[in-house]
Amino acid sequence: MMYNINKVREDFPILQREVYGKPLVYLDNAATTQKPLCVLDAMREEYMNVNANVHRGVHYLSQQATDLHEAAREKVRQFINAEKTEEIVFTRGTTEAINLVASTFCESQMKAGDEVIVTDMEHHSNIVPWQLQSMKRGIIVKHLPITDDGQLELTPLSSLLTPCTKLISIAHVSNVLGTVNPVDEIVRIAHQHGIPVLVDGAQSAPHMQIDVRQLDCDFYAFSGHKMYGPTGIGVLYGKEEWLEKLPPYQGGGEMIDKVSWERTTFERLPFKFEAGTPDYVATHGLATAIDYLSSLGFENIEAHEQELTRYCMEQLKTIDGMRIFGEAEHKDAVVSFLVGDIHHLDMGTLLDRLGIAVRTGHHCAQPLMDRLGISGTVRASFALYNTKEEVDALVSGIRRVSQMF
């Protein structure tokens, strides 16, 4: 362990609280992470001292708020190593970012009968937007299968590709299986056929250093609330050449150049896609969260979370009747499981009474549950502040619940 975990935990006040008289063991980080004091303080400071609408005012507060907002865009650019700030579009989260691409790409680049390829392990956010476009425009949604141990089967990809394939949209990391997908290889194959790739980075951006230029993906989406930042803020990265081709997603203030009764012209990138007042306080919070992650070092965060994941897998396998879903060699910070015939909801509810917060259900991945032949799982997911002692508490709690059944 290369950073002081006790010091790290002190940065997150909520971790000190109790639930049902037990110390909180928070293992629901794939759904949302807790926020460090520096993020909370930065947002409070802005609301108290710099609160004004951005981009529109000549007065001092507006200028100051605009500077913080655009500094956050530059911080995000550096964070994912995009080439230009024009390629950074602020959204409400990964879901809105994917919907933005689905709507504008299908409108401008696809016609009835054209195809988009996703995978069997996608979150509903990377399935339903394409199905909506299928209903509206007649596009076809194909899906790449997975192996029994939770890895993508790349061999069928070549046969799925046709002259009608216009986009591939894939999760970087599965929110259920923890599988880290070979995005660079998929991008390479896609680009050989002239097909752009959208990457859902909701579960990768908090855990590993992202370099969109190295990945060479055409779009990359992630959420602030899963990486220690505020809720309601996210990012869509898009290569400039693609963003220029896509029409606006929504209409309103901020995204226009000139409006008359005869016609409207639109702002330059990235403002063309940012209608209305942005959550400029949340962008500052996100930038602060990025600074926090950078100060700890992604190599340290990754090493810590990988160690926790391995330790959890090893300890869970000592429990009778344990079934773990997702055992890919490249796996990250998520462990989903069932024990015997205990329903996942029962297990999660009883663990909660012990102060242990896990996620239960289908995790917004029902097609994946169908592939696995189950209705849902219990999911423990780790963050940079979790400890081996918390894994031990989870394992002890599962044993206790199992004995009750």
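Just so we're clear, the structure is a prediction, and the values are computed from it rather than from any experiment.

Let's talk about the overall build of the protein chain
- Along its length, the protein chain carries 14 helices and 17 strands.
- Taking 2.2 N^0.38 as the reference for a compact globule, 405 residues should give roughly 22 Å; the C-alpha atoms of the protein chain span a radius of gyration of 22 Å, in line with that estimate.
- With the principal axes as the frame, the protein chain shows a C-alpha extent of 75 × 55 × 35 Å.
- For the protein chain, the proportion of its 405 residues judged to be buried stands at 57%.

Examining the layout of surface pockets
- In this structure, the largest pocket occupies an estimated 360 Å³ of space.
- Contributing to the lining of the largest pocket are 22 residues, with Ala 30, His 123, Asn 175, Gln 203 and Lys 226 lying nearest its centre.
- Tallied by class, the residues present in the lining of the largest pocket amount to 7 nonpolar, 10 polar and 5 charged.
- Estimates place the volume of the second largest pocket at around 250 Å³.
- Residue lining of the second largest pocket: 16 residues in total, with Phe 90, Thr 91, Arg 92, Glu 96 and Ala 275 positioned closest to the centre.
- Broken down by secondary-structure element, the contributors of at least two residues to the lining of the second largest pocket are strand E4 (88–91) and helix H4 (94–109).
- For the lining of the second largest pocket, the residue count by class is 7 nonpolar, 5 polar and 4 charged.

A short note on the pattern of salt bridges
- Applying the stated rule across the entire model yields 20 salt bridges.
- With a closest N to O distance of 3.1 Å, Lys 388 and Glu 307 form a salt bridge. Residue Lys 388 is found in helix H14 (residues 388–404), and its partner Glu 307 is found in helix H11 (residues 298–316); the two are separated by 81 residues along the sequence.
- Linked through salt bridges whose partners overlap, the residues forming this network are Asp 28, Arg 359 and Arg 379.

Quick word on the packing of H4 against helix H5 (residues 128–137)
- Closest axis-to-axis distance for the H4/H5 pair is 9 Å, and the angle between their directions is 25°. Classified by the angle between their axes, H4 and H5 sit roughly parallel to one another. Here the hand of the crossing between H4 and H5 comes out right-handed. For the pair formed by H4 and H5, the contact residues are Ile 98, Asn 99, Val 101, Ala 102, Ser 103, Cys 106 and Glu 107 on the first element and Pro 129, Trp 130, Gln 133 and Arg 137 on the second.
- For the contact of H4 with H5, a count of residues per class yields 6 nonpolar, 3 polar and 2 charged.

Description of the packing of aromatic side chains
- Within the structure shown, the criterion is met by 9 aromatic pairs.
- An aromatic cluster of at least three residues, connected via ring pairs, comprises Phe 12, Tyr 228, Tyr 292 and Tyr 385.
- Note that Arg 353 overlies the ring of Tyr 20, its terminal NZ or CZ placed 3.9 Å from the centroid.
- In this structure, Lys 388 packs its charged tip against the face of Tyr 311, placed 5.0 Å from the ring centre.

Brief notes about the environment of Leu 27
- You can see Leu 27 is positioned in the loop between strand E3 (25–26) and helix H2 (37–49).
- Relative accessible area serves as the criterion here: at 0%, Leu 27 is assigned to the buried category.
- Those residues within four positions of Leu 27 in sequence are excluded, and the remaining contacts are Ile 356, Ala 357, Val 358, Arg 379, Ala 380, Ser 381, Phe 382, Asn 386, Glu 390 and Leu 394.

Considerations on the nonpolar core
- One finds Ile 168, Tyr 220 and Leu 384 to be the most contacted residues of the largest nonpolar core, which totals 77 residues.
- Tyr 311, Ile 356, Val 395 and Val 401 belong to the second-largest nonpolar core, a separate cluster that totals 27 residues.

Scoring rules and cut-offs
- Throughout, residues of each chain are indexed from 1 in the direction in which the sequence is written.
- Given that the model is predicted, a residue must reach a pLDDT of at least 70 before its local features are reported, and side-chain atom pairs must reach 80 or more before they are shown or counted; all residues, however, enter totals for whole chains, interfaces and linings.
- Side-chain metrics rest on all non-hydrogen atoms present in the structure, leaving aside hydrogens and water.
- Numbering of helices and strands runs from the N terminus; a helix is a DSSP stretch of H or I covering at least four residues, while a strand is a stretch of E covering at least two.
- Put simply, the radius of gyration uses C-alpha atoms, and a globule should come to 2.2 Å times the residue count raised to 0.38.
- Only protein chains enter the calculation, and the probe is 1.4 Å; a residue is then buried if its accessible area is under 20% of its type maximum, exposed if over 50%, and partly exposed in between.
- Using a 1 Å grid laid over the protein atoms alone, points where a 1.4 Å probe fits but cannot get out form a cavity; open sets with protein on both sides within 12 Å along at least 5 of 7 lines form a pocket; any residue with an atom within 4 Å of a point counts as lining.
- Grid points are joined across faces, edges and corners, and a volume is the space filled by probe spheres set on the points.
- When residues are grouped by polarity, Ala, Val, Leu, Ile, Met, Phe, Trp, Tyr, Cys and Pro land in nonpolar, Asp, Glu, Lys and Arg in charged, and all others, Gly among them, in polar.
- Salt bridge, as applied in this entry: a Lys or Arg side-chain nitrogen positioned within 4 Å of an Asp or Glu carboxyl oxygen.
- The angle between two axes is taken between their N-to-C directions and runs from 0 to 180 degrees, where each axis is a line fitted to C-alpha atoms and a helix contributes only its stretch in contact.
- Roughly parallel means an angle under 35 degrees; roughly antiparallel means over 145; roughly perpendicular covers 65 to 115; every other angle is labelled oblique.
- Crossing handedness is read from the near helix: turned anticlockwise from the far helix by less than a right angle, it gives a left-handed crossing, and turned clockwise, a right-handed one.
- Only heavy atoms enter the contact rule, under which two residues are in contact if any of them lie within 4.5 Å.
- Any two rings among Phe, Tyr and Trp, with Trp reduced to its six-membered ring, count as a pair given centres within 6.5 Å; such a pair is stacked if its planes are under 30 degrees apart, edge-to-face if over 60, and tilted if neither.
- Distance and angle both matter: a charge sits over a ring if NZ of Lys or CZ of Arg is within 6 Å of the ring centre and within 35 degrees of the ring normal.
- We call a set of buried Ala, Val, Leu, Ile, Met, Phe, Trp, Tyr and Cys residues a nonpolar core when their side-chain atoms join them within 4.5 Å.

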